Amino acid sequence: MTAEREIIGLRRHLRESGIKPELRGLICEIAESTKYVINAVRTGDLGLAGTSNLYGEEQLALDVLSDNIITEQLSKCSLVASIASEEKDIVESVHPDYKGGYSVAFDPLDGSSLVDVNLAVGSIFSIYKGDNILQGGRKQVAAMFVVYGPRTSLIYSAGEGVHEFSLNHLGDFKLTRENIQMKDLGNIYSPGGNRNKYTPEHLNYIKYLENKGYKLRYSGGLVPDINLILLKGEGIFMYPELIGAPNGKLRLLFELYPVAYLIEQAGGAASDGKQPLLDVPVDNIDQRAPIYVGCKNDVATAVEYLNGKE
Ligand code: F6P
Ligand code: MN
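Residues numbered from 1 in each chain as written. Chains lettered and ligands numbered in written order. Predicted model: local features only at pLDDT ≥ 70, side-chain atom pairs only at ≥ 80, totals over all residues. Heavy atoms only, no water.

**Here we look at the pattern of salt bridges**
Here is the rule: We count a salt bridge whenever a side-chain nitrogen from Lys or Arg sits within 4 Å of a carboxyl oxygen from Asp or Glu. In this description a helix means any DSSP run of H or I spanning at least four residues, a strand means any run of E spanning at least two, and both kinds are numbered starting from the N terminus. The buried label applies to any residue whose accessible area, calculated with a 1.4 Å probe on protein chains only, is under 20% of its type's maximum; exposed applies above 50%, and partly exposed to all values in between.
For the structure on display, the rule yields 16 salt bridges. For Arg12, the salt bridge is made with Glu6, and the minimal N-O distance between the two is 3.0 Å. When the shortest N-O distance is used, the salt bridge between Arg177 and Glu164 registers 3.1 Å. With a gap of 13 residues between them, Arg177 in strand β8 (residues 173-177) and Glu164 in strand β7 (residues 163-167) connect regions that are remote in the sequence. On the accessibility criterion, Arg177 (35% relative accessible area) is partly exposed. Three or more residues are tied together by salt bridges with common partners; here these are Glu86, Asp89, Arg251, Asp286 and Arg288.

The structure is reproduced here in structure tokens:
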């Protein structure tokens, strides 16, 4: 007879992993807010011309709605000192007097244009101690994302491993994978950016991957694309420098830092092509950077190609 597996919820998992009570509370608060976002994604405005809701009011775009939901939840939470949302591009002081609080940078609905075509999207969060949101990636005390796909799943790390939870029919996040680990080398590539804008160095690396027979996996949503690499435990996601866009497209504070933190915690690596992404200093909340993230050895080879290997 096989023993029944114990079902572990997010709160219990955080407690048993030894995460500080305040940080535990904040992670649960964030998880709570995403349940309302998934509801908005499932039932909200699909951008149909001239639509209004049941009450005849004009509907908000889903990314704005998601931002409102998360901002409201975090503003009510006494553990939060300041927040920054990719939607607004400003840092909001929530409880400026609260000592010992946290700052949260978040992308409320990443890949929102994919909702119309029914592909997976997500929310990303990055957490710092204190009220300064521009401390740099290494100072994150936790990062997490939630994927709104066929299932809703949550990945978090607070420095004690990377873990996946799935939302059940009762609206609770239950542990589905613990201590997710990346292999050293993979077989999947996820290349962002328009190929005819690639630099010669990046193009050489892409050709190398193609020659090695890497499988292409790119949905156009950062959260599901990273989730795939993390859960398969292999692969490399890239959004490179492009001709005319030396820093690529993706935002350091809202997208790259939390992704880099989670992948590093799972034993992978993340680079901007020159240095580990978590060491790239952030000066403003709008800052962008190229990204190469995934298996350690894949990222190392990418960096060699970017530095002139042929
Ligand atoms: O937030 C930006 C974003 O939508 C990411 O989710 C995604 O990885 C990227 O842009 C896709 O960019 P592109 O459409 O250029 O491939
Ligand atoms: Mn985004």
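Let us keep going from here.
**Thoughts on the sheet that holds strand β6 (residues 152-157)**
Selection rule: DSSP calls a pair of strands paired once it identifies at least 2 bridges connecting them. Fitted lines through C-alpha atoms give the axes, limited to the stretch in contact for helices. The angle between two N-to-C directions lies from 0 to 180 degrees. Here a residue-residue contact requires only that any non-hydrogen atoms of the pair lie within 4.5 Å.
If you walk across this open sheet you meet the 8 strands as β2-β1-β3-β4-β5-β6-β7-β8, and the pairing is mixed. Both edges of this open sheet fall to β2 (91-93) and β8, since each of them pairs with a single strand only. Averaged over neighbouring strand pairs, the angle between their axes works out to 25 degrees when direction is ignored. Running over the sheet, helix α5 (residues 222-232) touches β3 (102-110), β4 (121-129), β5 (140-148), β6, β7 and β8 and is turned about 105 degrees from β5.

**Considerations on the site of ligand 1**
The condition is simple: Any residue with a non-hydrogen atom lying within 4 Å of a molecule or strand is treated as near it. In the analysis that follows, any N or O atom pair within 3.5 Å is treated as a polar contact, provided that within protein one partner can donate a hydrogen and the other can accept it, and provided that, for residues neighboring in sequence, both atoms belong to side chains. Polarity classes work like this: nonpolar for Ala, Val, Leu, Ile, Met, Phe, Trp, Tyr, Cys and Pro, charged for Asp, Glu, Lys and Arg, and polar for all others, with Gly in that last group.
In the neighbourhood of ligand 1, the contacting residues comprise Asp110, Gly111, Tyr218, Gly220, Gly221, Leu222, Phe237, Tyr239, Lys249, Leu250 and Glu255. In this structure, Asp110 approaches ligand 1 through a side-chain N or O atom, which is 2.8 Å from an oxygen atom. Contact between ligand 1 and Tyr239: an oxygen atom at 2.6 Å from a side-chain N or O atom of the residue. Split by residue class, the shell around ligand 1 holds 5 nonpolar, 3 polar and 3 charged.

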